[in-house]
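Now for the letters of each chain:
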Amino acid sequence: MTRTKSSVIEVLKGVIYFAKGDNIVDLGMVDELEVADNNIRFRLVFPKLGEASVNIVMGAATKALKAAFGEEIKLEITPIAEKDKGRGPLAGVKHIIAVASGKGGVGKSTVAANLAIALSRAGSQVGLVDADIYGPSVPMMFGTENMQPGVYEKEGKPVIVPIEKYGIKLLSIGYFVDSNKPLVWRGPMATTALNQLLSDADWGVLDFLVIDLPPGTGDIQLTLAQSYSVNGAVIVTTPQKVAFADVKRAATMFKQEKLTIPLLGLIENMAYFTPSDSPEKKYFIFGDGHGQQFADELDIPFLGQIPIDEKIAASGDNGNPIALDENSPVTKAFDEVAVRLREKFQ
Ligand SMILES: Nc1ncnc2c1ncn2[C@@H]1O[C@H](COP(=O)(O)OP(=O)(O)OP(=O)(O)O)[C@@H](O)[C@H]1O
Ligand SMILES: [Mg+2]
């Protein structure tokens, strides 16, 4: 085998870190890889050093590389601890996806919750963060209003354990505050709260961490874009042209050079109405094709249409997101979007 970075990566993909149940490449543990002549150098980032698993993984990596490239190869593998590399508990999260819109009430939370379920059904490990500090909706949508995340201490600091429901790891500011009291957050407090949900929580290994954003383009969006490595944003719109004017503003913000959250695509929510007694019928109340047109105008992919269905609101209110119902046409629509998203990260 020729020694190139990509062939080394391929070999290292065969080395499993059992503590996190995946290979060291996909876990993002391989760092500063250099391949030159007869030398292969890289750092291996572990949650902490001094554990038996460190030597096991180092040994397995050495063996795999020698088997692939010959015994004479010179290897320099340096184990380092996550904290020394300045990485936090999000190290095991492979893809962070934000669900955003410039407009309120278009269905961001509905899309985030049901997309999380559809991604999970497709075989991904999924977490959902409710970053709508001002009006959290995840606790109600998942029927977890009365639950509280656990907390444990690690190196003198509290670590939050997300709540798990329907196989999804959940966190929301709603779990920490009294839902009967109005939430009045000032910008800096809101961003501190978001940082705690993201960085002070034990998310473990996840394929996707879906983030439900508040409407608009405020502090929360800015913090997320500047402080975290977000893999992409999904933009939600409804078919009306008035909605799109606001949506366009948000999309443009993510495109700005200093923020650069890649836009993964546009979802058209409430695109058409399907009566429950004739699920094959589609009534395009606001006209068909608007979502596709908006996506073309923004020059981003169109990810799909989600119908209006009275069961969506009811299921959101009673804690069973509609995408759990395998017979619903809405579930089918979300499954299709999930497949398109997963394809982007393969
Ligand atoms: N496709 C749909 N069919 C029927 N009702 C829907 C649909 N999508 C969302 N809704 C309902 O519309 C309301 C607003 O949805 P949601 O809370 O998801 O919007 P949002 O964009 O997150 O709002 P906010 O800007 O307040 O965060 C909710 O009552 C929800 O149940
Ligand atoms: Mg919302």
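These numbers come from a predicted model, not from an experiment. (Residues numbered from 1 in each chain as written. Chains lettered and ligands numbered in written order. Predicted model: local features only at pLDDT ≥ 70, side-chain atom pairs only at ≥ 80, totals over all residues.)

1. A short note on the overall build of the chain
For step 1, the next point in the chain: Helices and strands together make up the secondary structure of the chain, namely eleven helices and 15 strands.
For step 2, the next point in the chain: Against the 2.2 N^0.38 benchmark of 20 Å for 346 residues, the chain shows a C-alpha radius of gyration of 22 Å, consistent with a compact globule.
For step 3, the next point in the chain: Each of the three principal axes of the chain carries a C-alpha extent, and together these read 70 × 45 × 40 Å.
For step 4, the next point in the chain: Taking all 346 residues of the chain together, 40% fall into the buried category.
For step 5, the next point in the chain: Taking as baseline every contact in the chain between residues at least 6 positions apart, the subset at least 24 positions apart corresponds to 74%. (Helix = DSSP H or I, 4+ residues; strand = E, 2+ residues; numbered from the N terminus. Rg over C-alpha atoms; globule rule 2.2 N^0.38 Å. Buried ≥ 20, exposed ≤ 12 C-beta atoms within 10 Å, placed from the backbone. Contact = placed C-beta atoms within 7 Å.)

2. Things to note about the site of ligand 1
For step 1, the next point in the chain: Taken together, 21 residues sit near ligand 1, with Gly104, Gly107, Ser109, Thr110 and Ala313 positioned nearest.
For step 2, the next point in the chain: Only α4 (108-121), β14 (263-273), β15 (302-308) and α10 (310-317) provide two or more residues apiece to the shell around ligand 1.
For step 3, the next point in the chain: Within the shell around ligand 1, the residues separate by chemical class into eight nonpolar, ten polar and three charged. (Near = placed C-beta within 6 Å. Nonpolar A, V, L, I, M, F, W, Y, C, P; charged D, E, K, R; others polar.)

3. Here we look at the nonpolar core
For step 1, the next point in the chain: Judged by nonpolar contacts, the single largest core of 79 residues is most densely connected at Val210 and Ile211.
For step 2, the next point in the chain: Looking at this core element by element, the count peaks at eight residues for α4.
For step 3, the next point in the chain: Within the second largest apolar cluster, 16 residues are counted, among which are Val11, Tyr17, Met29 and Ala61. (Core = buried A, V, L, I, M, F, W, Y, C linked by C-beta atoms within 7 Å.)

4. Some details on the domain arrangement of the chain
For step 1, the next point in the chain: On domain assignment, one finds that the chain holds domain 1 (5-85) and domain 2 (89-344).
For step 2, the next point in the chain: In this complex, domain 1 contributes seven residues to the contact, which on the side of domain 2 involves four residues.
For step 3, the next point in the chain: Its residues placed into classes, the side of domain 1 that touches domain 2 shows one nonpolar, two polar and four charged. (Domains from an automatic or database assignment.)

5. A word on the sheet that holds strand β6 (residues 93-100)
Strands pair in a sheet through their backbones, by hydrogen bonds, and they do so in one of two ways: parallel or antiparallel.
For step 1, the next point in the chain: With mixed pairing, eight strands are arranged side by side in an open sheet as β10-β11-β7-β12-β6-β13-β14-β15. Of all strands in the sheet, those with a lone pairing partner are β10 (163-165) and β15, marking the two edges. Averaged over all pairs of adjacent strands, the angle between their axes in this sheet comes to 25°, without regard to strand direction.
For step 2, the next point in the chain: Here three bridges tie β10 to strand β11 (residues 168-172), and the two strands are oriented antiparallel to one another. When the sheet's bridge partners are listed, Ile163 is paired in β11 with Leu170. (Pairing = 2+ DSSP bridges. Axes fitted to C-alpha atoms, helices over the stretch in contact; angles between N-to-C directions.)

6. Remarks on the packing of helix α6 (residues 187-199) against helix α7 (residues 219-227)
For step 1, the next point in the chain: Contact geometry for α6 and α7: axes closest at 9 Å, N-to-C directions at 45°. As the angle between them shows, α6 and α7 are arranged oblique. Crossing hand, α6 versus α7: right-handed. Together, Gly187, Ala190, Thr191 and Leu194 of α6 and Asp219, Ile220 and Thr223 of α7 make up the contact between the two elements.
For step 2, the next point in the chain: Partitioned by chemical class, the residues of the contact of α6 with α7 number three nonpolar, three polar and one charged. (Parallel < 35°, antiparallel > 145°, perpendicular 65-115°, else oblique. Left-handed = near helix turned anticlockwise from the far one by under 90°.)

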